[in-house]
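Given next are the chains, with one letter for each unit.
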Amino acid sequence: MPVDIVIYHNPECGTSRNALAMIRNAGIEPHVVEYLKTPPSRALLVELIDRAGIAPRELLREKGTPYAELGLGDTSKSDDALVDAMMAHPILINRPLVVSPLGVKLCRPSEAVLDLLPSDQLGAFAKEDGEQVVDASGQRVV
């Protein structure tokens, strides 16, 4: 039975590439949304944040973004202002954000995606840096 999984992905991000590879290692071909090319609507972004059970600030990416220039470290900024900034500068949306029948999660570290997959890994998996995440029997390495 097909499983509907969406990954908001940046192919330039190792964490995002690792999460995508783990989804595929479970035999699932997800819908890949390169959110820098096709950002979610404001309503969808707010819904994803809500479904993930996080605050907008928890989805903000600092590294390699205009975070500091926009003064987003100011804790008095409202959630609406933070979402507005993410809409204006999608690079501020941290990744990968994964949507599955089991929930929505910002998958950092990348192996957090394993909690969202309804099927087991089909075999061993090591992240790009060589860290073993799944053993040969498809079980998560703890």
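Rules behind the numbers
- Residues numbered from 1 in each chain as written.
- Predicted model: local features only at pLDDT ≥ 70, side-chain atom pairs only at ≥ 80, totals over all residues.
- Heavy atoms only, no water.
- Helix = DSSP H or I, 4+ residues; strand = E, 2+ residues; numbered from the N terminus.
- Rg over C-alpha atoms; globule rule 2.2 N^0.38 Å.
- Buried < 20%, exposed > 50% of the residue type's maximum accessible area, 1.4 Å probe, protein only.
- Expected span 1.5 Å × (residues − 1).
- Contact = heavy atoms within 4.5 Å.
- Pairing = 2+ DSSP bridges.
- Axes fitted to C-alpha atoms, helices over the stretch in contact; angles between N-to-C directions.
- Domains from an automatic or database assignment.
- Salt bridge = Lys/Arg side-chain N within 4 Å of Asp/Glu carboxyl O.
- Polar contact = N/O pair within 3.5 Å; in protein donor to acceptor, adjacent residues only side chain to side chain.
- Nonpolar A, V, L, I, M, F, W, Y, C, P; charged D, E, K, R; others polar.
- Parallel < 35°, antiparallel > 145°, perpendicular 65-115°, else oblique.
- Left-handed = near helix turned anticlockwise from the far one by under 90°.
- Core = buried A, V, L, I, M, F, W, Y, C linked by side-chain atoms within 4.5 Å.

Engineer: Quick question: what am I supposed to make of the overall build of the protein chain here?
Structural biologist: Scanning the protein chain for helices and strands turns up 4 helices and 6 strands. Its C-alpha radius of gyration of 16 Å places the protein chain within 12% of the 14 Å reference for a compact globule of 142 residues. The principal-axis extent of the C-alpha atoms belonging to the protein chain is close to 50 × 30 × 25 Å. In the protein chain, which comprises 142 residues, the proportion classed as buried is 44%.

Engineer: Just checking my understanding: could you explain helix α1 (residues 14-25) for this structure?
Structural biologist: Owing to its 3.6 residues per turn, the α-helix aligns residues three or four sequence positions apart on the same side. With 12 residues, α1 extends 16 Å between its outermost C-alpha atoms, agreeing within 8% with the 16 Å of an ideal straight helix rising 1.5 Å per residue. Among all positions in α1, only T15, S16, N18, A19, L20, M22, I23 and N25 are buried. In this fold, the buried residues of α1 make contact with β1 (6-9), β2 (31-34), β3 (97-100), β5 (125-126) and β6 (132-134). Taken from the residues just after α1, G27 is the one with a positive phi, measuring 80 degrees.

Engineer: What's the story with the sheet that holds β2 in this structure? I'm lost.
Structural biologist: Where strands meet in a sheet, backbone hydrogen bonds hold them as pairs that are either parallel or antiparallel. Here we have 4 strands laid out as an open sheet, ordered β2-β1-β3-β4, and mixed in their pairing. Only two strands of the sheet have a single partner each, and these edge strands are β2 and β4 (103-106). Here the average twist between neighbouring strands, direction ignored, is 15 degrees. Across 3 bridges, β1 lies against β3 in antiparallel orientation. Bridge pairing in β3 links Y8 to L97. Most of the contacts of α1 go to β1, to which it runs at about 160 degrees, and overall it touches β1, β2 and β3.

Engineer: Could you clarify how one ought to interpret the domain arrangement of the protein chain in this entry?
Structural biologist: Interface size is commonly expressed as the accessible surface area that is lost when the partners come together. In terms of domain boundaries, the protein chain breaks down into domain 1 (1-34 + 106-141) and domain 2 (41-93). Distance from the C-alpha centre of domain 1 to the C-alpha centre of domain 2: 24 Å. Residue-level contacts link 4 residues of domain 1 with 6 residues of domain 2. Remark: the boundary between domain 1 and domain 2 carries 0 salt bridges. Counting the contacts that link domain 1 with domain 2 gives 0 residue pairs in polar contact (both at pLDDT 80 or more). Class assignment of the residues belonging to the side of domain 1 that touches domain 2 gives a composition of 2 nonpolar, 1 polar and 1 charged.

Engineer: I tried to follow the packing of helix α2 (residues 42-52) against helix α4 (residues 79-88) on my own but got confused; where do I start?
Structural biologist: Two quantities define a packed helix pair, namely the angle between the axes and the distance from one axis to the other. In contact at an axis separation of 10 Å, α2 and α4 are set at 125 degrees when each is read in the N-to-C sense. Comparing their axes, α4 and α2 come out oblique. The two elements α2 and α4 meet at a crossing, and its hand is right-handed. For the pair α2 and α4, contact is made by R42, L45, V46 and I49 and by D80, V83, D84, M86 and M87, respectively.

Engineer: Sorry if this is basic, but what is going on with the side chain of H9 here?
Structural biologist: Its location among the elements puts H9 in strand β1. Assessed through its relative accessible area of 5%, H9 is described here as buried. Ignoring sequence-local partners within four residues, the contact set of H9 consists of S16, R17, L20, V32, V33, E34 and Y35.

Engineer: Looking at this structure, how should I read the nonpolar core?
Structural biologist: The tendency in soluble globular proteins is for nonpolar side chains to be buried side by side. Core analysis: the largest hydrophobic core is formed by 21 residues, its most contacted members being L59 and M86. Elements that contribute at least two residues to this core include exactly β1, α2, α4, β3 and β4. The residues that make up this core include at least three from each of domain 1 (1-34 + 106-141) and domain 2 (41-93).

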